[in-house]
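# Report on the structure
The lines below spell out each chain.
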Amino acid sequence: MAEPGTRAAEAAEADRGWRLRHLPVLLLASALMAAVAAVAGGLARGADGALGAAAGVAVTAVSYTLTTVVLAWADARDPQLVLPFGLGVYIAKMTLLGGLMVLVASTGWPGLVPFALGIATGVVVWTGVHIWWLATVHARRVPR
């Protein structure tokens with residue numbers, strides 16, 4: 001990690017948008033995956049399956065977007081805030097997600113399994129696209 005005052009810190013400060021630059025690509029990939037998941041869920045379980053699968057992908061996208069924005073904010077203020085804010089957001093998200101899953105499961109909704117599969121699919125797609133973005137797009141922007 002670069003100390004304040006170094007060339008890397010100055011370059012990062014000059015390019016304030018770098019922390020969120022990947023977000024539009026990831027959100028687009030998630031939107032496309034939600035559409036595919038809705039079709040697959042609809043074919044497998046009807047309207048409830050379509051809604052559940054798309055909602056699962058959306059929950060993942062919202063969760064990851066929240067984390068990205070909070071960590072970007074914390075890093076912009078002071079890099080030492082990233083760990084406590086990251087852990088806090090993670091604990092809050094997992095608590096909310098667990099509560100949401102218990103609440104949905106208690107209703108007997110037939111879209112629960114597609115919802116869970118949508119969450120898993122959203123995680124895989126978001127992670128895969130993020131790795132692709134870091135390995136290709138971001139790698140071209142970083143001066144060597």
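The present account deals with the structure reproduced in this document. (Residues numbered from 1 in each chain as written. Predicted model: local features only at pLDDT ≥ 70, side-chain atom pairs only at ≥ 80, totals over all residues. Heavy atoms only, no water.)

## Comments concerning the environment of threonine 65
With respect to the helices and strands, the residue threonine 65 is situated in helix H2 (residues 23–77). Relative accessible area serves as the criterion here: at 18%, threonine 65 is assigned to the buried category. (Helix = DSSP H or I, 4+ residues; strand = E, 2+ residues; numbered from the N terminus. Buried < 20%, exposed > 50% of the residue type's maximum accessible area, 1.4 Å probe, protein only.)

## Looking at helix H3 (residues 82–107)
Three or four residues apart is the spacing at which side chains of an α-helix point the same way, because the helix has 3.6 residues per turn. Look at H3: 37 Å from first C-alpha to last across 26 residues, which is about the 38 Å you get at 1.5 Å a residue. Regarding H3, the residues found buried are Gly86, Val89, Lys93 and Val104. At the C-terminal side of H3, glycine 108 shows a positive phi close to 75°. (Expected span 1.5 Å × (residues − 1).)

## Some details on the pattern of salt bridges
A complete count under the given rule lists one salt bridge for this structure. The salt bridge partner of aspartate 75 is arginine 19, with a shortest N-O separation of 2.9 Å. Residue aspartate 75 is located in helix H2, and its partner arginine 19 is located in the loop between helix H1 (7–14) and H2; the two are separated by 56 residues in the primary sequence. What makes aspartate 75 buried here is its relative accessible area of 16%. Given a relative accessible area of 15%, arginine 19 falls into the buried group. (Salt bridge = Lys/Arg side-chain N within 4 Å of Asp/Glu carboxyl O.)

## Describing the side chain of threonine 60
For threonine 60, the position within the fold is in helix H2. From its side chain, threonine 60 meets the backbone oxygen of isoleucine 119 in a polar contact 3.1 Å long. (Polar contact = N/O pair within 3.5 Å; in protein donor to acceptor, adjacent residues only side chain to side chain.)

## Some remarks on the packing of aromatic side chains
Two numbers describe a pair of aromatic rings. These are the distance of the centres and the angle of the planes. Counted by the stated rule, this structure contains three aromatic pairs. Look at tyrosine 64 and tryptophan 126: their rings are 5.4 Å apart centre to centre, the planes differ by 80°, and that puts the pair in the edge-to-face class. Here tryptophan 126 lies in helix H4 (residues 112–141) and tyrosine 64 lies in helix H2, a separation of 62 residues in the sequence. Residue classification places tyrosine 64 among the partly exposed residues on the basis of a relative accessible area of 24%. Looking at tryptophan 126, the relative accessible area reads 5%, which means it is buried. (Phe/Tyr/Trp six-rings, centres within 6.5 Å; stacked < 30°, edge-to-face > 60°.)

## Re the packing of H2 against H3
Put simply, H2 and H3 touch, their axes get as near as 9 Å, and they point 160° apart. It follows that H2 is roughly antiparallel to H3 by the angle criterion. When the axes of H2 and H3 are compared, the crossing they make is right-handed. Side by side, H2 and H3 meet where Val59, Ser63, Tyr64, Leu66, Thr67, Val70, Leu71, Trp73, Ala74 and Asp75 of the first sit next to Val82, Phe85, Gly86, Val89, Lys93, Leu97 and Leu100 of the second. A per-class count over the contact of H2 with H3 returns 12 nonpolar, three polar and two charged. (Axes fitted to C-alpha atoms, helices over the stretch in contact; angles between N-to-C directions. Parallel < 35°, antiparallel > 145°, perpendicular 65-115°, else oblique. Left-handed = near helix turned anticlockwise from the far one by under 90°. Contact = heavy atoms within 4.5 Å. Nonpolar A, V, L, I, M, F, W, Y, C, P; charged D, E, K, R; others polar.)

## Let's talk about the nonpolar core
Within the largest apolar cluster, six residues are counted, these being Leu23, Leu26, Ala29, Ala61, Trp126 and Val129. At the level of secondary structure, the elements contributing two or more residues to this core comprise H2 and H4. Examining the composition of this core, we find that four residues originate from one element, H2, more than from any other. Discounting chain neighbours no more than four positions away, the residues touching valine 129 are Val25, Leu26 and Ala29. If you look at the next biggest cluster of nonpolar residues, it comprises five residues, including Met33, Ala34, Ala37 and Ala53. (Core = buried A, V, L, I, M, F, W, Y, C linked by side-chain atoms within 4.5 Å.)

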